[in-house]
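Given next are the chains, with one letter for each unit.
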Amino acid sequence: MKYTVDKKEQYVVFTPMEEKLDTILSPKLKSELLTVHAEGYENLVIDMSNVKYADSSGLSALLVGNREFSRNGGIFVVVNPQDHVMKLIKISMLDKVFTIVSTLEEAAEAVFIHEIDAVDTEEEEEED
């Protein structure tokens, strides 16, 4: 599986350089997402702009990423899913599960807002 990883201060941008996320590539995607998480990153942005097709196993890989990064209070952001992929996400009702944005700038903003909200929540819990 071809991909790029761009490590920022608060998050990682993971960009699959593949047109299809199917049963052949999904196990590798899951593995790579888990590896990034194991490296200590709490927030992940997955840039889906190159992915023109995904099947249920591709969505399953995204769900694994979402679960792992959300588990400890992080955020998993899906950026720029193409039409076919977005239709599948909506049919599966995963648009209610994933944070989906159109641009990397919006993704960075979503991570930033998530981090602020997490700090606010921690402070409220400390006050109680």
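Here, every reference points to the structure presented above.
Residues numbered from 1 in each chain as written. Predicted model: local features only at pLDDT ≥ 70, side-chain atom pairs only at ≥ 80, totals over all residues. Heavy atoms only, no water.

Caption draft 1: The arrangement of the overall build of the protein chain in detail. When you go through the protein chain residue by residue, the secondary structure sums to four helices and seven strands. Order of helices (α) and strands (β) in the protein chain, N terminus to C terminus: β-β-β-α-β-β-α-β-α-β-α. What you see for the protein chain is a C-alpha radius of gyration of 15 Å, in line with the 14 Å of a compact globule of 128 residues. Taking the principal axes of the C-alpha coordinates as reference, the protein chain spans close to 50 × 30 × 25 Å. Residues classed as buried in the protein chain amount to 40% of the 128 residues present. (Helix = DSSP H or I, 4+ residues; strand = E, 2+ residues; numbered from the N terminus. Rg over C-alpha atoms; globule rule 2.2 N^0.38 Å. Buried < 20%, exposed > 50% of the residue type's maximum accessible area, 1.4 Å probe, protein only.)

Caption draft 2: Geometry of the pairing of strand 2 (residues 12–16). For strand 2, the buried fraction is high: five of the five residues fall into the buried class. The side-chain alternation of strand 2 yields two buried faces, one formed by Val12, Phe14 and Pro16 and the other by Val13 and Thr15. Both strand 1 (residues 3–7) and strand 2 contribute to a ladder of five bridges, which runs antiparallel. By the bridge assignment, valine 5 is partnered in strand 2 with phenylalanine 14. Taking the residues that link successive antiparallel strands as the turn, the strand 1-strand 2 hairpin has four residues. Pairing between strand 2 and strand 4 (residues 44–47): three bridges, direction parallel. (Pairing = 2+ DSSP bridges.)

Caption draft 3: Looking closely at the pattern of salt bridges. Under the definition given, this model contains seven salt bridges. In this structure, lysine 28 engages glutamate 32 in a salt bridge whose closest nitrogen and oxygen atoms are separated by 2.9 Å. Highlighted residues: lysine 28 and glutamate 32, both in helix 1 (residues 26–38), separated by four residues, approximately one helical turn. Overall, lysine 28 belongs to the partly exposed group, its relative accessible area being 37%. (Salt bridge = Lys/Arg side-chain N within 4 Å of Asp/Glu carboxyl O.)

Caption draft 4: Local environment of helix 2 (residues 56–71). With 16 residues, helix 2 should cover 22 Å at 1.5 Å per step; its first-to-last C-alpha distance of 22 Å lies within 8% of that length. All of the buried residues in helix 2 are Ser57, Gly58, Leu59, Ala61, Leu62, Val64, Gly65, Asn66, Glu68 and Phe69. Of the surrounding secondary structure, the elements contacted by the buried residues of helix 2 are strand 3 (20–21), helix 1, strand 4, strand 6 (76–79) and helix 3 (83–91). Positive phi shows up at glycine 73, right after helix 2, with a value of about 90°. (Expected span 1.5 Å × (residues − 1). Contact = heavy atoms within 4.5 Å.)

Caption draft 5: Inspection of helix 3 at higher detail. When we look at burial in helix 3, the residues that qualify are Val85, Met86 and Ile89. Seen along its axis, helix 3 keeps its buried residues to an arc of 100°; they face one direction. The exposed set on the far side of helix 3, more than 90 degrees from its buried face, consists of Asp83, Lys87 and Ile91. Buried residues along helix 3 sit against strand 5 (53–54), helix 2 and strand 7 (99–101). Once helix 3 finishes, methionine 93 follows within two positions and takes phi at roughly 60°, a positive value. (Arc of directions from axis to C-beta.)

Caption draft 6: Fine view of a nonpolar patch on the surface. Judged by side-chain polarity, Phe112, Ile113 and Ile116 come together as a nonpolar surface patch covering roughly 290 Å² of accessible area. Its place among the elements puts isoleucine 116 in helix 4 (residues 104–127). Under the relative-accessibility criterion, isoleucine 116 is labelled partly exposed at 38%. (Patch = residues over 30% accessible without salt bridge, like charges linked within 9 Å, V, L, I, M, F, W, Y side chains within 5 Å. Areas by Shrake-Rupley, 256 points an atom, 1.4 Å probe, with all protein chains shown as cover.)

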